[in-house]
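Topology and contacts: notes
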Amino acid sequence: MIKYIRGTYAMTFESGIVVETASGIGFAVHVPTGSPLYRSREGEEVMVYTLMIVKEDDISLYGFATEEQQSCFELLTAVSGVGPKVGLAILSVMEPDRVALAISAGDHKAFKAASGVGPKLAQRIVLELKDKVAKGFVDGINLEDVGAATASPAAQGAGQAIAALVSLGYSQSEAALAVSKIDASLPVEEIIKLALRGMAGRR
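A brief look at the structure comes next. Everything numeric in this text was worked out from a predicted model, so none of it was measured.

As for the overall build of the protein
Counting its regular elements, the protein contains eight helices and five strands. Taken across its 203 residues, the protein has 42% of its residues classed as buried. A fraction of 51% describes how many contacts in the protein between residues 6 or more apart in sequence connect residues 24 or more apart. With the model as given, the accessible surface of the protein reaches about 10600 Å², and the carbon-plus-sulfur share is 54%.

The following block contains the structure:
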């Protein structure tokens, strides 16, 4: 498996970019059109986290600016009816933290902004993934913590942020540690964004 590709941006095509490595090989990588990768300049050094998807008649590389985006893509494409193209379309209009928040809040309408996502598929995404988010939240928190979360809106927001981060592939302890360093009175989406930024800086 190709974990990542480091090289220089060579060109853009309809659904991705070409990354040229030091060996002179140009890799065509499908990326979200909303990604900074898609807006790279010629000759700019880029690092792309990749997933290779092999089908009977096709082998394609899908690329992401961050490991969080990559994890989110894998989460989305696990849903029945969400193929790689739709997964990229969602990530072209929504950041991973927004995806996690929409799933956690049951906001299926948010996904309809992506090309190829109709009302039924949007509802299926939330329906199939919400249990994973909820399970991640419940498994790592004891009853006292749940009681505190119910009593305090700030703690409730922190709990939702932790659940969203767990759904993106972080461990419960890793997510809780990151959220504990952030002002719990902030909006949930902002807590998730700051936590992701903090964890990315430690990698």
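Some thoughts on the packing of helix α1 (residues 67–77) against helix α2 (residues 84–93)
The geometry of α1 relative to α2 is characterised by a closest axis approach of 9 Å and an angle of 130 degrees between their N-to-C directions. Of the possible angle classes, the one that applies to α1 and α2 is oblique. Of the two possible hands of crossing, α1 and α2 adopt the one that is right-handed. Contacts between α1 and α2 pair Gln69, Cys72, Phe73, Leu76 and Thr77 from the former with Pro84, Gly87, Leu88, Ile90 and Leu91 from the latter. Of the residues assigned to the contact of α1 with α2, the class counts are seven nonpolar, three polar and no charged.

Focus: the pairing of strand β1 (residues 4–13)
Here β1 pairs with strand β4 (residues 45–55) via five bridges, running antiparallel. Looking at β4, one finds that Ile5 is bridged to Val48. With five bridges joining them, β1 and strand β2 (residues 16–20) adopt antiparallel strand pairing. When the bridges of β2 are listed, Met11 appears paired with Val18. Here β1 folds back onto β2, and the loop between the two strands holds two residues.

A short note on the packing of aromatic side chains
According to the stated counting rule, one finds three aromatic pairs in the structure shown. For the pair Tyr4 and Tyr49, a centre-to-centre distance of 6.5 Å together with 65 degrees between the ring planes defines the contact as edge-to-face. Note that Tyr4 is positioned in strand β1 and Tyr49 in strand β4, a separation of 45 residues in sequence. A ring pair is formed by Tyr62 and Phe73, whose centres lie 5.7 Å apart and whose planes are at 25 degrees; its orientation type is stacked. Here Tyr62, found in strand β5 (residues 58–64), pairs with Phe73, found in helix α1; they are 11 residues apart in sequence, far enough to count as distant. Cluster of aromatic residues (ring-pair linked, three or more members): Tyr62, Phe64 and Phe73.

Some points on the side chain of Ser60
You can see Ser60 is positioned in strand β5. Here the side chain of Ser60 touches Asp58 through a polar contact of 2.6 Å, side chain to side chain. Beyond its immediate chain neighbours, meaning those up to four positions away, Ser60 contacts His30, Leu51, Met52 and Ile53.

What about the sheet that holds β1?
As summarised here, the arrangement of the five strands in space is β1-β2-β3-β5-β4, forming a closed barrel in which the pairing is mixed. In this sheet, adjacent strand axes meet at a mean angle of 55 degrees when their direction is disregarded.

What about the environment of Ala28?
Within the element layout of this structure, Ala28 appears in strand β3 (residues 26–30). Residue class for Ala28 comes out partly exposed when judged on its relative accessible area of 44%. Non-local contacts of Ala28, meaning those with residues more than four positions away in its chain, are made with Phe13, Ile17, Val18 and Leu61.

With respect to helix α3 (residues 96–105)
Within α3, eight of the 10 residues are buried, which leaves the element mostly enclosed by the surrounding structure. If you check which residues of α3 are buried, you get Pro96, Asp97, Val99, Ala100, Leu101, Ala102, Ile103 and Ser104.

Here we look at α2
Along α2, seven of the 10 residues are buried, which leaves the element largely enclosed by surrounding structure. Three or more residues of α2 are buried, namely Pro84, Val86, Gly87, Leu88, Ala89, Ile90 and Leu91.

Cut-off values and rules
- Residues numbered from 1 in each chain as written.
- Predicted model: local features only at pLDDT ≥ 70, side-chain atom pairs only at ≥ 80, totals over all residues.
- Heavy atoms only, no water.
- Helix = DSSP H or I, 4+ residues; strand = E, 2+ residues; numbered from the N terminus.
- Buried < 20%, exposed > 50% of the residue type's maximum accessible area, 1.4 Å probe, protein only.
- Contact = heavy atoms within 4.5 Å.
- Areas by Shrake-Rupley, 256 points an atom, 1.4 Å probe, with all protein chains shown as cover.
- Axes fitted to C-alpha atoms, helices over the stretch in contact; angles between N-to-C directions.
- Parallel < 35°, antiparallel > 145°, perpendicular 65-115°, else oblique.
- Left-handed = near helix turned anticlockwise from the far one by under 90°.
- Nonpolar A, V, L, I, M, F, W, Y, C, P; charged D, E, K, R; others polar.
- Pairing = 2+ DSSP bridges.
- Phe/Tyr/Trp six-rings, centres within 6.5 Å; stacked < 30°, edge-to-face > 60°.
- Polar contact = N/O pair within 3.5 Å; in protein donor to acceptor, adjacent residues only side chain to side chain.

Function cannot be inferred from these measures alone, as they are strictly geometric.
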